[in-house]
Amino acid sequence: MKLKLAPSNSAQLSWPKFLAFSTICIAIVIALLNPSSTQELSIAQRALLWLIQVSALLTMMQVMQLGLQKLSPFFKWPVFVQLALSGLLGAALFVPIGTWLDGILGLDEPTVTLPRSWYLEYLEELAFVSPPAVTTWLGLNAIRLKGALGMFQDRSLPVTNTNQTSTQPRGSTGVNTGSQESKTEPLKLPFVDLLPPPLGTDLVALSAELHYTRVYTFAGQALIFYPFGRAIEELKEVGYPGVQVHRSHWVAQDHILQKKRLKSSSFLQTDTGLKIPVSRRRKNDLSQVL
């Protein structure tokens, strides 16, 4: 028996979709809790207000996470520290936006009449916003961090491999191409080390999901906490045969079956049933390997 990626498993809930769904849920919950600052608003108005607030906050934290991940020293820090820092900095950027929105809607009613410095008011608001904001950011990422720690993966359907009689596992630094014998030496790269062992190291494709990367192997797929661009650089350094066909997608050369067109868009079909979109500016790079 061989685990093979089924076409029906290629459509997974991505991190951006998960973040958008979480934003809506959080906004609805806060609106139903009816905080004192928005009690005078209707349920619809509260939901809309908190949807804007939560969206702005999570966007700020996501932007800070993407920016900080580009710094080599920061990337080497523990994952928890990275997320906590990006959450705190995102909350710091959000405070002026939240204050501005409250002022427009007339929800900012200061109880202290004595004049205070602007930075004291800013720090007071930050101290109020940052604990729940950072906790929420850590909690949302914790759901997907299981994949980065190898505790969760999207398992594929087992199917019988009738084209290969050898029990030798598909390799890593090389893949099986017809009568050629695959190499069994494992692929040693930092991002590959984050994959659950059952997935192996026979890479099929990589897809960027903001500060996560979804890795497809011949045995299945997993979402890991790793920058897509850094993973591509590591593959280039070891000369792994593959090509980036989209700003968010990379595919292994030996797993490409054919190139197809669907109306005005193009995509690649892999031997696992996975479909990878191809951008116009990447067509020349693809033509060099096909």
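Structure: above.
Residues numbered from 1 in each chain as written. Predicted model: local features only at pLDDT ≥ 70, side-chain atom pairs only at ≥ 80, totals over all residues. Heavy atoms only, no water.

A. Spotlight on the overall build of the protein. The number of helices and strands found in the protein is seven helices and 11 strands. Residue burial in the protein is summarised as follows: out of 290 residues, 43% are buried. Counted over contacts in the protein with a minimum sequence separation of 6, partners at least 24 positions apart contribute 60%. When the accessible surface of the protein is totalled, it reaches about 16200 Å², and 61% of it is carbon and sulfur. (Helix = DSSP H or I, 4+ residues; strand = E, 2+ residues; numbered from the N terminus. Buried < 20%, exposed > 50% of the residue type's maximum accessible area, 1.4 Å probe, protein only. Contact = heavy atoms within 4.5 Å. Areas by Shrake-Rupley, 256 points an atom, 1.4 Å probe, with all protein chains shown as cover.)

B. Layout of helix α6 (residues 228-238). Among the residues of α6, Phe228, Ala231, Ile232, Glu234 and Leu235 are the ones counted as buried. Angular distribution of buried residues about the axis of α6 spans 160°; they occupy a single face of the element. Exposed and facing more than 90 degrees away from the buried side of α6 are Lys236 and Glu237. Check the buried side of α6 and you find it contacts β4 (203-209), β5 (212-217), β7 (242-246) and β8 (249-252). Backbone geometry just downstream of α6 places glycine 239 in the positive-phi region, at approximately 70°. (Arc of directions from axis to C-beta.)

C. Expanded view of the packing of helix α1 (residues 15-33) against helix α2 (residues 43-69). In contact at an axis separation of 8 Å, α1 and α2 are set at 140° when each is read in the N-to-C sense. Between α1 and α2, the crossing angle belongs to the class labelled oblique. Regarding α1 and α2, the two cross each other, and that crossing is right-handed. In contact with Trp15, Leu19, Thr23, Ile24, Ile26, Ala27, Ile30, Ala31 and Leu32 of α1, α2 contributes Ile43, Arg46, Ala47, Trp50, Leu51, Val54, Ser55, Leu58 and Gln62. In terms of residue class, the contact of α1 with α2 is built from 14 nonpolar, three polar and one charged. (Axes fitted to C-alpha atoms, helices over the stretch in contact; angles between N-to-C directions. Parallel < 35°, antiparallel > 145°, perpendicular 65-115°, else oblique. Left-handed = near helix turned anticlockwise from the far one by under 90°. Nonpolar A, V, L, I, M, F, W, Y, C, P; charged D, E, K, R; others polar.)

D. Inspection of the pattern of salt bridges at higher detail. Under the defined criterion, the tally for this structure stands at one salt bridge. Of the charged contacts, one joins arginine 214 and glutamate 209 as a salt bridge, the two residues approaching to 2.8 Å between their closest N and O atoms. Residue arginine 214 shares its accessibility class with glutamate 209, and that shared class is buried. (Salt bridge = Lys/Arg side-chain N within 4 Å of Asp/Glu carboxyl O.)

E. Representation of the pairing of strand β6 (residues 220-224) in the model. Among the five residues of β6, five are classified as buried, and the element is accordingly described as predominantly covered. Side-chain alternation along β6 places Gly220, Ala222 and Ile224 on one buried face and Gln221 and Leu223 on a second face that is also buried. Pairing analysis gives five bridges linking β5 to β6, with the strands arranged antiparallel. Following the sheet pairing, threonine 217 is matched in β6 by glycine 220. The antiparallel pairing of β5 with β6 creates a hairpin that spans two residues between the two strands. (Pairing = 2+ DSSP bridges.)

F. Layout of the environment of arginine 144. By secondary structure assignment, the location of arginine 144 is in helix α5 (residues 118-148). On the accessibility criterion, arginine 144 (12% relative accessible area) is buried. For the pair arginine 144 and leucine 223, spaced 79 residues apart in sequence, the C-alpha to C-alpha distance is 7.2 Å. Beyond its immediate sequence surroundings of up to four residues, arginine 144 is in contact with Leu13, Ser14, Trp15, Phe18, Glu209, Tyr212, Arg214 and Leu223.

G. Just the pairing of β4, in detail. The buried fraction of β4 is high, at six of seven residues. Alignment of β4 against β5, held across six bridges, turns out to be antiparallel. Bridge pairing in β5 places alanine 205 opposite tyrosine 216. Counting the residues between successive antiparallel strands, the hairpin from β4 to β5 contains two residues, one of them, leucine 210, with a positive phi of roughly 60°. Both β4 and β8 contribute to a ladder of three bridges, which runs antiparallel. Looking across to β8, one finds that serine 207 is bridged to histidine 249.

H. Spatial organisation of a nonpolar patch on the surface. Taken together, the side chains of Ile24, Ile28, Leu32, Ile43, Leu48, Leu51 and Ile52 define a hydrophobic patch exposed on the protein surface, amounting to about 620 Å² of accessible area. Broken down by secondary-structure element, the contributors of at least two residues to the nonpolar patch are α1 and α2. By residue number, the principal contributor to the nonpolar patch is α2, which donates four residues. With respect to the element layout, leucine 48 can be found in helix α2. Residue leucine 48 is classed as exposed on the basis of its relative accessible area, which comes to 51%. (Patch = residues over 30% accessible without salt bridge, like charges linked within 9 Å, V, L, I, M, F, W, Y side chains within 5 Å.)

Nothing here speaks to function; it is geometry throughout.
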